[in-house]
Amino acid sequence: MVAAVVWVIALVIEYQYGLRPPGNGSSQYKADQAAFFLAQVGYLAMLIGLFVSRAGGDGRFGRAAIGIWIIAVAAIVLAQALGVLGVTAVFLLPIGGLGQILGSVLTSVAVWRAGRWTGWRRFTPAIWTVYFFVTIGAAVAAIPFLSIPAAAPNPAAPSPPVEALWQAAWFLLSLALYIEAGRTPKPA
């Protein structure tokens, strides 16, 4: 939950002070990117918690689904860490993007099928996935009010409100994990 809040704060700072990538190398730009990195590490920790909680069940499918999502976010975290060191790791970004798509779709199915989470919490991976598709679709289609011009080689990026709302999906998923961690799970 904290990661989503950190991301939104970094997003506001990024647009308020003109710190969008590729950046100018200033200390403000680096600090803002460090906040995004910290948030991404928080998302990785949350997904590891999702894996450990066995929300997707005890079977191989649930573990593999969440594992794919973890690997995808780990690739993004690694790319960001290497970027701080001045190493361009663009090759990791497609792994992160495609892995998040595949991992989140499979995790949505696994959590729903396992039935360990109850109520609205059972659908939070699917909510995240749907919103991720909306975010990607807005950028790819360059829908005017949902996307903005981006730095090369990307033609468009999600607009700040769209990106901020994406953090609400991360927040919900984190909140669901937090609530369900306090419950005794149903057997698979």
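In this report, the structure presented in the accompanying data block is examined. From a predicted model like this one, the values you see are computed outputs, not experimental measurements.

Another point: the nonpolar core. Counting residues in each nonpolar core, the largest one holds 30 residues, and the members touching the most others are Leu47, Leu50, Trp69, Val73, Trp117, Trp128 and Trp170. Within the residue set of this core, elements represented by two or more residues are helix 1 (2–16), helix 2 (27–53), helix 3 (60–84), helix 5 (124–141) and helix 6 (160–181). When residues no more than four places from it in sequence are discounted, the contact partners of Val73 are Gln40, Leu44, Leu47, Gln100 and Trp170.

A word on the environment of Trp120. Its place among the elements puts Trp120 in the loop between helix 4 (92–114) and helix 5. Setting aside its immediate chain neighbours within four residues, Trp120 contacts Leu172, Leu175, Ala176 and Ile179.

The tally for this structure, following the rule as stated, stands at 3 salt bridges. With its nearest N and O atoms 2.6 Å apart, the salt bridge here joins Arg116 to Asp58. Here Arg116, found in the loop between helix 4 and helix 5, pairs with Asp58, found in the loop between helix 2 and helix 3; they are 58 residues apart in sequence, far enough to count as distant. Given a relative accessible area of 8%, Arg116 falls into the buried group. Between Arg121 and Glu180 there is a salt bridge; the shortest N-O distance is 2.5 Å. Residue Arg121 is found in the loop between helix 4 and helix 5, and its partner Glu180 is found in helix 6; the two are separated by 59 residues along the sequence. What makes Arg121 buried here is its relative accessible area of 13%. One salt-bridge network, held together by shared partners, links Arg54, Asp58 and Arg116.

How each quantity is defined
- Residues numbered from 1 in each chain as written.
- Predicted model: local features only at pLDDT ≥ 70, side-chain atom pairs only at ≥ 80, totals over all residues.
- Heavy atoms only, no water.
- Core = buried A, V, L, I, M, F, W, Y, C linked by side-chain atoms within 4.5 Å.
- Buried < 20%, exposed > 50% of the residue type's maximum accessible area, 1.4 Å probe, protein only.
- Helix = DSSP H or I, 4+ residues; strand = E, 2+ residues; numbered from the N terminus.
- Contact = heavy atoms within 4.5 Å.
- Salt bridge = Lys/Arg side-chain N within 4 Å of Asp/Glu carboxyl O.

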